[in-house]
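Coordinate inspection notes
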Amino acid sequence: MSSGTKTFKHVSYLWEESKAAELAGDEVALLIYRSNLLGADLRLTNYGGGNTSCKVISKDPLTGTETEVMWVKGSGGDLGTLKKNGLAALYVDRLRSLKNVYRGLQYEDEMVELFNHCIFDLASKAPSIDTPLHGFLPFKHIDHLHPDAAIAIAAAKDGKRITKELFNGKLGWVEWRKPGFELGLELKKCLDENPGIRGIMLGSHGLFTWGDTA
Ligand SMILES: [Zn+2]
């Protein structure tokens, strides 16, 4: 290669089907496997940055009935070394019902306290302020990352237009706001207004993507 030539390397595809097959049926184990791979490449997210989640149906120990539970990276820690004790598990219906007591932007802090009332697994890590960003989206598996390439677009002056053109309308756009309850509601609103999108770019910040499987 002649000096002065720049090369661009795609990120490595680290997912191993054989490894995933060993974990088949355990959505939480698959979430941890995926999270560790994503956190292993600093081009995909910075150290300690981003969070991941999955939603599963579990038996509620209080009632014996089937209930939807969201496992999401808790407060602190890093995706690359995430273990089960770094996850928070919350009742999805309780988390969503907090909409009814949300008093508005000035009261974001009291919502974080209320996340603790939604805890399903008693060994949960404390839920982070990013919890509602995963909770209000209806998808089974969600990644929120800070990839270098996405941030280059998200932080560009014309980020919204670039996102629309580059991804042909398949990615939504939400303007930057500090993560919290309001942002969770805004992500859901973006999805409702743009059905069929594959993810959402958060201005000046990063990316949300989702799927049916890990
Ligand atoms: Zn973030």
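The sections below set out a description of the structure shown in this document. (Residues numbered from 1 in each chain as written. Predicted model: local features only at pLDDT ≥ 70, side-chain atom pairs only at ≥ 80, totals over all residues. Heavy atoms only, no water.)

Right, let's talk about the overall build of the protein chain for a bit. Across its full length, the protein chain carries 8 helices and 7 strands. Over its C-alpha atoms the protein chain spans a radius of gyration of 18 Å, differing by no more than 12% from the 17 Å that the globule rule assigns to 214 residues. A principal-axis box enclosing the C-alpha atoms of the protein chain has dimensions of 65 × 45 × 30 Å. The buried share among the 214 residues of the protein chain stands at 47%. (Helix = DSSP H or I, 4+ residues; strand = E, 2+ residues; numbered from the N terminus. Rg over C-alpha atoms; globule rule 2.2 N^0.38 Å. Buried < 20%, exposed > 50% of the residue type's maximum accessible area, 1.4 Å probe, protein only.)

What follows is about the pairing of strand β6 (residues 199-202). Every second residue of β6 is oriented toward a common face, with Gly-199 and Met-201 on one face and Ile-200 and Leu-202 on the other, all of them buried. Strand direction decides the pairing type here: strand β5 (residues 171-174) and β6, joined by 4 bridges, are parallel. Residue pairing in the sheet places Gly-172 in a bridge with Ile-200 of β6. Once the chain exits β5 it traverses helix α8 (residues 181-193) before rejoining the sheet at β6, and the crossover so formed is right-handed. As paired strands, β6 and strand β7 (residues 206-211) are joined by 4 bridges and run antiparallel to one another. (Pairing = 2+ DSSP bridges. Right-handed = clockwise from strand over helix to strand, strands pointing away.)

Before going further, it helps to spend a moment on the nonpolar core. Nonpolar side chains tend to gather and get buried jointly when the protein is soluble and globular. The biggest cluster of nonpolar side chains holds 16 residues, and the ones touching the most others in it are Val-28, Leu-31, Cys-54, Val-56, Val-69, Trp-71 and Leu-87. Broken down by secondary-structure element, the contributors of at least two residues to this core are α2 (27-39), β1 (51-59), β2 (66-73) and β3 (87-91). With 4 residues, the single largest contributor to this core is α2. By size, the runner-up hydrophobic cluster in this structure holds 14 residues, among which are Phe-139, Ile-200, Leu-202 and Trp-210. (Core = buried A, V, L, I, M, F, W, Y, C linked by side-chain atoms within 4.5 Å.)

In this section: the coordination of the zinc ion. Within the protein, the zinc ion binds to His-144 (NE2), His-146 (NE2) and His-205 (NE2); these donor distances fall in the range 2.0 Å. All donor residues of the zinc ion come from one chain, and their arrangement in sequence is H-x1-H-x58-H. His-146 carries the same exposure label as His-144, and that label is buried. (Donors = N, O, S within 2.8 Å, 3.2 Å for Na, K, Ca; no water.)

Turning our eyes to something else, we now look at the layout of surface pockets. For the largest pocket, the calculated volume is near 860 Å³. Val-11, Leu-38, Leu-44, Leu-145 and Pro-147 are, among the 25 residues lining the largest pocket, the residues nearest its centre. At the level of elements, α2, β4 (141-145), α6 (148-154) and β7 are the ones that each hand at least two residues to the lining of the largest pocket. When residues in the lining of the largest pocket are grouped by element, the largest group, 4 residues, is from α6. When the residues that make up the lining of the largest pocket are grouped by side-chain class, the tally is 17 nonpolar, 3 polar and 5 charged. Within this model, the second largest pocket holds a volume of roughly 280 Å³. Secondary structure elements with two or more residues in the lining of the second largest pocket: α7 (159-166), β5 and α8. Considering only residue class, the lining of the second largest pocket consists of 5 nonpolar, 3 polar and 6 charged. (1 Å grid on protein atoms, 1.4 Å probe; cavity = no way out; pocket = protein on both sides within 12 Å on 5 of 7 lines; lining within 4 Å. Points joined across faces, edges and corners; volume = space filled by probe spheres on them. Nonpolar A, V, L, I, M, F, W, Y, C, P; charged D, E, K, R; others polar.)

Once that is clear, we can look at the packing of aromatic side chains. Within this structure, the stated rule accounts for 5 aromatic pairs. Pairing Phe-139 with Trp-210 gives two aromatic rings, centres 4.3 Å apart and planes at 10°, and the pair type is stacked. Residue Phe-139 is found in the loop between α5 (131-135) and β4, and its partner Trp-210 is found in strand β7; the two are separated by 71 residues along the sequence. Given the relative accessible area of 18%, Phe-139 is considered buried. Take Trp-210: its relative accessible area is 15%, and that puts it in the buried class. Ring-pair connections join several aromatic residues into one group, and the members of that group are Tyr-102, Phe-136 and Phe-181. It is Arg-94 that lies over the ring of Tyr-91; its NZ or CZ is 4.1 Å from the centre. The aromatic ring of Tyr-107 is capped on one face by Arg-103, whose charged end is 3.8 Å from the ring centroid. (Phe/Tyr/Trp six-rings, centres within 6.5 Å; stacked < 30°, edge-to-face > 60°. Lys NZ or Arg CZ within 6 Å of the ring centre and 35° of its normal.)

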